[in-house]
Amino acid sequence: MNDLAWIDGAITGARPQAVAALLRYFRDLDTAEEAFQEAALRALKTWPRNGPPRDPAAWLILVGRNAALDGVRKTSRQVELPPDDLISDLDDAEAPLVERLDGAHYRDDVLRLLFICCHPDLPATQQIALALRIVSGLTVPQIARAFLIGEDAAEQRITRAKAGIARADVPFEAPGPVERAERLGVVMAMVYLIFNEGYSAGAAERNALCDEAIRFARLLLRLFPGEPEILGLAALMLLQHSRLPARFDGQGELVPLDDQARGLWDGELAAEGLALLEKAMRHNRPGPYQVQAAIAATHARAGRAEDTDWAGIDALYAALERMQPSPVVTLNRAVATAKVKGPEAGIEMIAPLEGRLSGYFYYFGVRGGFLRQLGRAAEARVAFDRAIALAGTPAEAARIRRHLDALAREGGGRIQT
Amino acid sequence: MLYAILCYHDEQYAWSWTKDEEAAVMGGLAKVRETLNREGKLGPSLRLMPTTTATTLSKTKDIVLDGPFAETKEQLLGVYVIDVENLEAALEVARRLAKANPGGSYELRPIALYNPDLRDPAPGATLGPS
């Protein structure tokens, strides 16, 4: 790994803390971002010559703050100040700053920065674009690729988001425990949203979003190491992401979990996910992310699809239903219930959901699957047709068409389950 | 003489490598390991999971904390590699060790990658008074 790659990596790694601290100084997102950009430029000039600083984040904060203040002074008094690369040794100034960065202060800085990005006035797509731009430091073209939109559209999304939060009023005092917990909940939801943006899409470019979401979760974990739901969220994303190498076939079509070649799953990511989940569960404070991670872990532990502990998954979905009642959760539970008790039990469980899920692709896919297993071919065909009409991506539609083809081959007869 | 080489780096950086970067670094290290194995100079080596997976047992008060060992006034004195079912079992082993040697802390960290000792005779055979 060469010097420039290291510097690039160090700047990216330090970005969330640095921008967050600069935001606290300047209380203005644009100023903080410009200050950081300026510091990063100077780092690219200075670090190859003087070697990397002991604490890259502290260096970037100090230089960024000075650069922005210089800018203000220069425009107001036209006094020349010595350039930063002449005062290269910042060690003395670094020490007290590092001290100040420790602990709660710095933790609340980063949390505030993330929280500002997920302001409730902003639509989810703008929240995500803003977080990726400001916190991760992705470029506009990178963001455009991740969302499969044009660069102009991506630029516009970020500009609108910034205008939106400029009107918002997020206090800069350290939050109390209740408010901190609330902020954390909102931020975790956004992180999982970023992950799902990448995960639910078929295109490989979007996997970058999953990696970014996992980076966010690791960042949050370093700030709140004993928070079971953050451990759960990180575990959930690592376990889901570990299946990536097996999730798409050669044609780029989604392979259902049961049919995936489990040998392709990324064992290292899964092991990290399992380790984090174990830590979370020691706290005996279950929450929705931990339960979902436990479901993903049950899949990860099954060497073959037929080894899956469906009764365990059924029980976990039942717990999730109690914590977060939603028709989609019940629908997922019905799939597990049907594996344990048969398709009849599944049909019965999802029957009351039809009204609320009448526009949901997955509902009709699941219902069609149950009906097909029961040999009710004509009804299955109706359900599959509805599913195709509601499919959001060509891959989804293709999956259902395979069921219809199988139905045609079976000639409507009862099939083995 | 046996030496331990302790690896330090910024984990935010090392864990944000892309798959290609990771493969390049790991490939380079594997080559060095191969040569060292042939020279009979390499014992076991391992890569730890990130500090976010760490759990710390404070030995005197038997307090289990999430996260890595963070004090700077104590020094790293030794390492055990243990093979157990889960974190609970690892903590049980740590507590047994703590009873025999109280004070200080044990940080428990899952191992991401373990390269066993390929030397013959067994590891440690070269230790001892010379």
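Residues numbered from 1 in each chain as written. Chains lettered and ligands numbered in written order. Predicted model: local features only at pLDDT ≥ 70, side-chain atom pairs only at ≥ 80, totals over all residues.

### Observations regarding the overall build of chain A
Across its full length, chain A holds 20 helices and 0 strands. In chain A, which comprises 417 residues, the proportion classed as buried is 41%. Within chain A, counting contacts between residues at least 6 apart in sequence, those at least 24 apart form 62% of the total. (Helix = DSSP H or I, 4+ residues; strand = E, 2+ residues; numbered from the N terminus. Buried ≥ 20, exposed ≤ 12 C-beta atoms within 10 Å, placed from the backbone. Contact = placed C-beta atoms within 7 Å.)

### Overview of the nonpolar core
If you look at the biggest cluster of nonpolar residues, it comprises 117 residues, and the most contacted ones within it are Leu 60, Val 191 and Ala 217 of chain A. Looking at this core, the element that brings in the most residues is helix H10 (residues 207-223) of chain A, giving 10 residues. Counting 6 residues, the second-largest nonpolar core is a separate cluster that includes Ala 54, Leu 57, Ala 90 and Leu 108 of chain B. (Core = buried A, V, L, I, M, F, W, Y, C linked by C-beta atoms within 7 Å.)

### Describing the interface of chain A and chain B
If you look at the interface, chain A gives 19 residues, while chain B gives 17 residues. Elements that contribute at least two residues to the side of chain A that touches chain B include exactly helix H1 (3-26), H10 and helix H13 (267-281) of chain A. Here the side of chain A that touches chain B gets 7 residues from one element, more than from any other, and that element is H13 of chain A. For the side of chain A that touches chain B, the residue count by class is 8 nonpolar, 4 polar and 7 charged. (Nonpolar A, V, L, I, M, F, W, Y, C, P; charged D, E, K, R; others polar.)

### Describing the confidence of the model for chain B
Residue and element names in this part refer to chain B. Averaged over all residues, the pLDDT of chain B is 88; the fraction at 70 or higher stands at 92%. Confidence, read as mean pLDDT per element, is least for helix H1 (residues 11-14) in chain B (74) and greatest for strand S4 (residues 105-108) (96). Among the prediction metrics, the complex's ipTM stands at 0.85, with pTM recorded as 0.85. (pLDDT = per-residue confidence, 0-100.)

### Here we look at the packing of helix H9 (residues 177-199) of chain A against helix H11 (residues 228-241) of chain A
Residues and elements named next belong to chain A. With their axes 11 Å apart at the nearest point, H9 and H11 run at an angle of 5° to one another. Judged by the inter-axis angle, H9 sits roughly parallel to H11. Across the interface between the two elements, Met 188, Val 191, Tyr 192, Phe 195 and Tyr 199 from H9 touch Glu 229, Ile 230, Leu 233, Met 237 and Gln 240 from H11. Here the contact of H9 with H11 is composed, by residue class, of 8 nonpolar, 1 polar and 1 charged. (Axes fitted to C-alpha atoms, helices over the stretch in contact; angles between N-to-C directions. Parallel < 35°, antiparallel > 145°, perpendicular 65-115°, else oblique.)

### A short note on the packing of helix H16 (residues 327-341) of chain A against helix H18 (residues 361-373) of chain A
All names here are of chain A. Between H16 and H18, the least distance of the axes is 10 Å, while the angle of their chain directions is 15°. In terms of axis orientation, H16 runs roughly parallel to H18. Considering how the two elements wind past one another, H16 and H18 form a crossing that is left-handed. Residue-level inspection shows Leu 331, Ala 334, Val 335 and Ala 338 of H16 in contact with H18, the latter providing Tyr 362, Tyr 363, Val 366 and Phe 370. (Left-handed = near helix turned anticlockwise from the far one by under 90°.)

### Side note on the pairing of strand S2 (residues 55-58) of chain B
Residues and elements named next belong to chain B. Pairing of S2 with strand S3 (residues 63-66) involves 4 bridges; the strand directions are antiparallel. Bridge pairing in S3 places Thr 55 opposite Asp 66. Here S2 folds back onto S3, and the loop between the two strands holds 4 residues, one of which, Asp 62, carries a positive phi near 50°. Sheet topology places S2 next to S4; 4 bridges connect them, and they run antiparallel. When the bridges of S4 are listed, Thr 56 appears paired with Glu 107. (Pairing = 2+ DSSP bridges.)

### What about the sheet that holds S3 of chain B?
Residue and element names in this part refer to chain B. Here 3 strands make up an open sheet; going across it, the order is S3-S2-S4 and the pairing antiparallel. Looking at which strands have only one partner, the edges of the open sheet turn out to be S3 and S4. Along the sheet, successive strands turn relative to each other by an average axial angle of 20°, direction set aside. Contacting S2, S3 and S4, helix H3 (residues 87-100) runs over the sheet at an angle of about 160° to S4.

### A word on the environment of Met 323 of chain A
Residues and elements named next belong to chain A. Relative to the helices and strands, Met 323 is located in helix H15 (residues 310-323). On the basis of neighbour counts, which here come to 12 C-beta atoms within 10 Å, the residue Met 323 falls in the exposed class. In sequence terms Met 323 and Gly 287 are 36 residues apart; their C-alpha atoms lie 7.3 Å from each other.

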